[in-house]
Amino acid sequence: MGKVSTILARKGNNAVSVQKDTKVYEALKIMSDKNIGSLVVLDAGKYAGIFTERDYSRKVILEGRHSDEVTVGEIMSTDLPTIKPDDTVELCMQLMSNKNIRYLPVFDGDQLSGIISISDVVTETILQQKETISQLQNYIQG
C-alpha cells in the first residue's frame, strides 16, 4: 500500500489557506475560483482547522445564518484526525470511512505538510491497482 508522502509528491503540498477571521462568503469564492472543496484555516500563521463545503451547508445554510456575516473560524472543523507523510493510504481510507470525513491534515512533526482528500486516496488506490495489474501481466507474459 502506498504512502501519504506519495500523494503529496504527486499533487503538491501547498494547500490553499485563509485566516480564521475570513468571512464564509469570501472563502466560498476562493474555493469556487480554485475548484476545491476545502481550505486550511490559519490563526496567526498556524494551522487552526479546515473549512469545508460540508461545514458551510450544515453550519450556515441549515442554521439560517448568512455567509457574509459568519467567519470560517466560527464553523471550521477542528476535530479531524491527523496523519503523517509515512502513513499508508490504507490508514487514510480507514480513518475517512470510520469517521465519515473527506479530508485529513498531514503533519510532519508539528508542521502542516498538506491536506489529503478522499479523491486523492481514490486516485492513489487506482494508480496502485493499475501498477499491480501491469506487473502481473508482465510476470505472466514472462
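Our subject is the structure that appears above.
Remember, predicted model here, so these are calculated numbers, not experimental data. (Residues numbered from 1 in each chain as written. Predicted model: local features only at pLDDT ≥ 70, side-chain atom pairs only at ≥ 80, totals over all residues. Heavy atoms only, no water.)

Undergrad: With reference to specific residues and values, describe the pattern of salt bridges.
TA: Tallied over the entire structure, the rule returns eight salt bridges. One salt bridge connects D43 with K20, and the closest N-O pair in it is separated by 3.5 Å. A residue pair is termed long-range when its members are at least 10 positions apart, and D43 in strand β2 (residues 38-43) and K20 in the loop between β1 (17-19) and α2 (24-34) qualify at 23 residues. For D43, a relative accessible area of 38% corresponds to the partly exposed category. Since its relative accessible area comes to 37%, K20 is described here as partly exposed. Residues K29 and D33 are paired through a salt bridge, measuring 3.6 Å at the closest nitrogen-oxygen approach. Here D33 and K29 lie together in helix α2, a separation of four residues that amounts to about one turn. (Salt bridge = Lys/Arg side-chain N within 4 Å of Asp/Glu carboxyl O. Helix = DSSP H or I, 4+ residues; strand = E, 2+ residues; numbered from the N terminus. Buried < 20%, exposed > 50% of the residue type's maximum accessible area, 1.4 Å probe, protein only.)

Undergrad: Explain helix α6 (residues 118-141) to me, and be specific about the residues and the numbers.
TA: Here α6 is 24 residues long and its end C-alpha atoms lie 35 Å apart, about the 34 Å a rise of 1.5 Å per residue gives. All of the buried residues along α6 are D120, V121, E124, T125 and Q128. Tucked into the core, α6 has its buried residues touching α1 (4-11), α5 (89-99) and β5 (111-117). (Expected span 1.5 Å × (residues − 1). Contact = heavy atoms within 4.5 Å.)

Undergrad: So, the packing of aromatic side chains: which residues are in play, and what are the values?
TA: Summed over all chains, the structure comprises one aromatic pair. Centroid distance Y47 to F107: 5.1 Å. Interplanar angle 80°. Geometry classified as edge-to-face. Linking Y47 in strand β3 (residues 46-52) with F107 in strand β4 (residues 103-108), this pair joins segments that are 60 residues apart in sequence. Y47 sits in the partly exposed class, given a relative accessible area of 25%. Under the relative-accessibility criterion, F107 is labelled buried at 13%. (Phe/Tyr/Trp six-rings, centres within 6.5 Å; stacked < 30°, edge-to-face > 60°.)

Undergrad: How would you explain the side chain of E124 if you had to name every residue and give the values?
TA: Within the fold, E124 resides in helix α6. If we ignore the near neighbours within four places in the chain, the residues touching E124 are T6, I7, R10 and V89.

Undergrad: Requested: an account of the packing of α5 against α6, with residues and values cited.
TA: Close contact between α5 and α6 brings their axes to 10 Å; oriented N to C, the two are set at 140°. Looking at the two axes, α5 sits oblique to α6. For α5 against α6, the interelement crossing comes out left-handed. Facing V89, C92, M93 and M96 of α5, the residues of α6 in contact are I118, V121, E124, T125 and Q128. (Axes fitted to C-alpha atoms, helices over the stretch in contact; angles between N-to-C directions. Parallel < 35°, antiparallel > 145°, perpendicular 65-115°, else oblique. Left-handed = near helix turned anticlockwise from the far one by under 90°.)

Undergrad: Which residues make up the sheet that holds β2, and what values do they have?
TA: Pairing is mixed in the open sheet, where three strands are placed in the order β1-β2-β3. Of all the strands in the sheet, the pair left with one neighbour each is β1 and β3. The sheet shows a mean angle of 35° between the axes of neighbouring strands, taken without regard to direction. Judged from the three bridges that link them, β1 and β2 form a sheet pairing that is parallel. Bridge assignment links Q19 to a residue of β2, and that residue is L42. (Pairing = 2+ DSSP bridges.)

Undergrad: Tell me what's going on with a nonpolar patch on the surface, and back it up with residues and numbers.
TA: Taken together, I118, V122 and I126 make up a surface patch of nonpolar side chains, about 220 Å² in accessible area. Of note, I126 is situated in helix α6. (Patch = residues over 30% accessible without salt bridge, like charges linked within 9 Å, V, L, I, M, F, W, Y side chains within 5 Å. Areas by Shrake-Rupley, 256 points an atom, 1.4 Å probe, with all protein chains shown as cover.)

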